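Examining the three-dimensional arrangement
So the chains spell out like this:
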Amino acid sequence: MATEDKNRATAAAILPLVGGAANVSSIAHCMTRLRLGLRDRSLVDDEALKAIPAVMGVVEDDTYQIVLGPGTVARVTPEFEQLVEEGREAAPEPAATETAAHPENPASTSASASASASASADELAAQGAAMRAARKAKNATPFKLFLRRIANIFVPLIPALIGCGIIAGLNGLLVNLGWLTSVTPALAAMASGFMALIAVFVGFNTAKEFGGTPILGGAVAAIIVFPGVANIEAFGQKLSPGQGGVLGALGAAVLAVYVEKWCRRWVPEALDVLVTPTLTVLVSGLVTIFGLMYVAGEVSTAIGTFADWLLSNGGAGAGFVLGGLFLPLVMLGLHQALIPIHTTLIEQQGYTVLLPILAMAGAGQVGAAVAVYFRLPRNESIRRTIRSALPAGLLGVGEPLIYGVSLPLGRPFITACVGGAFGGGFIGLFNQLGDKVGSTAIGPSGWALFPLLDGNRGLGTTIAIYAGGLLVGYLAGFLATYFFGFGKDLLTEFNVSREPAASAVTATDGPTSPAPGPDTPAKEPAGV
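The text that follows walks through the structure, step by step, so that each part is easy to find. (Residues numbered from 1 in each chain as written. Predicted model: local features only at pLDDT ≥ 70, side-chain atom pairs only at ≥ 80, totals over all residues. Heavy atoms only, no water.)

**A few points about the sheet that holds strand β3 (residues 57-60)**
Strand order in the open sheet formed by four strands is β1-β2-β4-β3, with antiparallel pairing between adjacent strands. Either end of the sheet is taken by a strand with one partner, and the two such strands are β1 (24-29) and β3. Averaged over all pairs of adjacent strands, the angle between strand axes in this sheet comes to 20°, irrespective of strand direction. Both β1 and strand β2 (residues 33-38) contribute to a ladder of five bridges, which runs antiparallel. The partner of Ala 28 across the bridge, within β2, is Arg 35. Against the sheet, helix α3 (residues 72-90) makes contact with β1 and β2, and its axis sits at roughly 160° relative to β1, the strand it touches most. (Pairing = 2+ DSSP bridges. Helix = DSSP H or I, 4+ residues; strand = E, 2+ residues; numbered from the N terminus. Axes fitted to C-alpha atoms, helices over the stretch in contact; angles between N-to-C directions. Contact = heavy atoms within 4.5 Å.)

Here's what the structure looks like:
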């Protein structure tokens, strides 16, 4: 089957299982997930979705997220958007009306069949829905909603960061080897062009996310990288082009949005097209030049200084804590606060020293999953999930292992974090000894991070340290899970023959047990 046909077939298989085109209110994607806004969550058939070959898992957060993996999600999303548009044109009626009028609708039929299967299934489903709603309401705090907005600003930039980062790594290798000297200047321009103007893209996305005119956000942020600011003094110091970086661009664009909204409210409509953009750029630009650039520059410098100090003095201890806590941060949605920090470090130093340490969390997950595979030799359902998800896990796509294996089992999720902690401690130790290991881009982890590695001791040393960290993470995650990840109750419950059944675990629900086989009564995991 042609690639285009395969992607369209995947999109076509997903659409009816999420309630059809009329049930989809928004469509977006990140590095690995198709993120859908849904009008009626009850129309979704989770189990049928997870049975689609291209689907690695599903996650319910503020949006309904279908894990497709890197590369695949970027190809399936346009096909899905096209199918949704075609479906709306053909049948614009609300999905709820369609379901009521046509009980033969696949999602409705599936939901009805599941509901009538057993009284206990009804109770479990209602209980799970109540828990999801309570957790979702609890997690919808202003701070977490703000972090999601920050992520929405920076996530679209990741493909460019990856592409330019790999080119930068290739260029550095060629320069060190003295090869293709006539080509390396061109590669340097390709690698550095985006980073030189990243503030403009951040400003554009910020204004778009906060409800302003994107191009005005980009225009104000462009002031930061304009070479002419070198002739301007602020707080008794000459400004430097790029001073304040992405943090200054973010602040400038947010200010521009508020100025624009104020103008829209008070400026007469006849003058709006002239006055509003002028005042937006003028007021925001003056504040950016004579305030934000200096303040954001100091904050950016402090971030770089603190990161260097932390790893130079904290070393293994700091790496142990960062590597061990990263997965819980992901579960709480707090990892999004690290995105602008990574970007600031890349902008300042050429690489972020934090990402290779945090990537060890994925290594701990891989080691834990292998241990689960050996500890549950009779549970073919979980072992099959591990076999299918392990290659993605090695490449840094951890969702299938997290939501399909370690998190539902409870204690193996904790021991996986222990593996990540030891891997992070290993890399942190070498940072303390003076061997920095960094990444020139954000997004990938696991083996996929190798092309993006950079440091201060040569590429060979940097790769060796990172590979050593992965091995330590794999081994520590395996040993911790194999010897401490299972109590007697957990082994008794799960080390039995079961028909393959995917587990429905959400990003915020906490541990729940995989769906039971037809001959096995449902039980809660033994827990930690």
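From this point, the discussion proceeds with the structure in view.
**What about the pattern of salt bridges?**
One pass over the structure, following the stated rule, counts 11 salt bridges. The salt bridge partner of Asp 308 is Lys 436, with a shortest N-O separation of 3.3 Å. Residue Asp 308 is found in helix α13 (residues 269-332), and its partner Lys 436 is found in the loop between α19 (411-432) and β7 (437-439); the two are separated by 128 residues along the sequence. Owing to a relative accessible area of 23%, Asp 308 belongs among the partly exposed residues under this scheme. Taken together, the salt bridges that share partners define one network made up of Arg 8, Glu 79 and Glu 86. (Salt bridge = Lys/Arg side-chain N within 4 Å of Asp/Glu carboxyl O. Buried < 20%, exposed > 50% of the residue type's maximum accessible area, 1.4 Å probe, protein only.)

**Here's the deal with the environment of Gly 217**
If you trace the backbone, Gly 217 turns up in helix α11 (residues 214-225). Note: C-alpha distance between Gly 217 and Val 200 (17 residues apart in sequence) is 7.9 Å. Ignoring sequence-local partners within four residues, the contact set of Gly 217 consists of Gly 203, Phe 204, Ala 207 and Ala 253.

**Regarding the nonpolar core**
Judged by nonpolar contacts, the single largest core of 71 residues is most densely connected at Phe 154, Ile 198, Val 202, Val 372 and Tyr 466. Counting 22 residues, the second largest nonpolar core, distinct from the first, contains Ala 21, Leu 49, Ile 66 and Val 84. (Core = buried A, V, L, I, M, F, W, Y, C linked by side-chain atoms within 4.5 Å.)

**Considering the packing of helix α16 (residues 360-375) against helix α18 (residues 399-409)**
Direction vectors running N to C along α16 and α18 enclose 65°, while the axes themselves pass 10 Å from each other. Between α16 and α18, the angle falls in the class roughly perpendicular. Viewed along their axes, α16 and α18 form a crossing whose handedness is left-handed. Between α16, through Gln 365, Val 366, Ala 369 and Val 372, and α18, the contact on the second element is made entirely by Leu 401, Ile 402, Val 405, Ser 406 and Leu 409. Taken together, the residues of the contact of α16 with α18 break down into seven nonpolar, two polar and no charged. (Parallel < 35°, antiparallel > 145°, perpendicular 65-115°, else oblique. Left-handed = near helix turned anticlockwise from the far one by under 90°. Nonpolar A, V, L, I, M, F, W, Y, C, P; charged D, E, K, R; others polar.)

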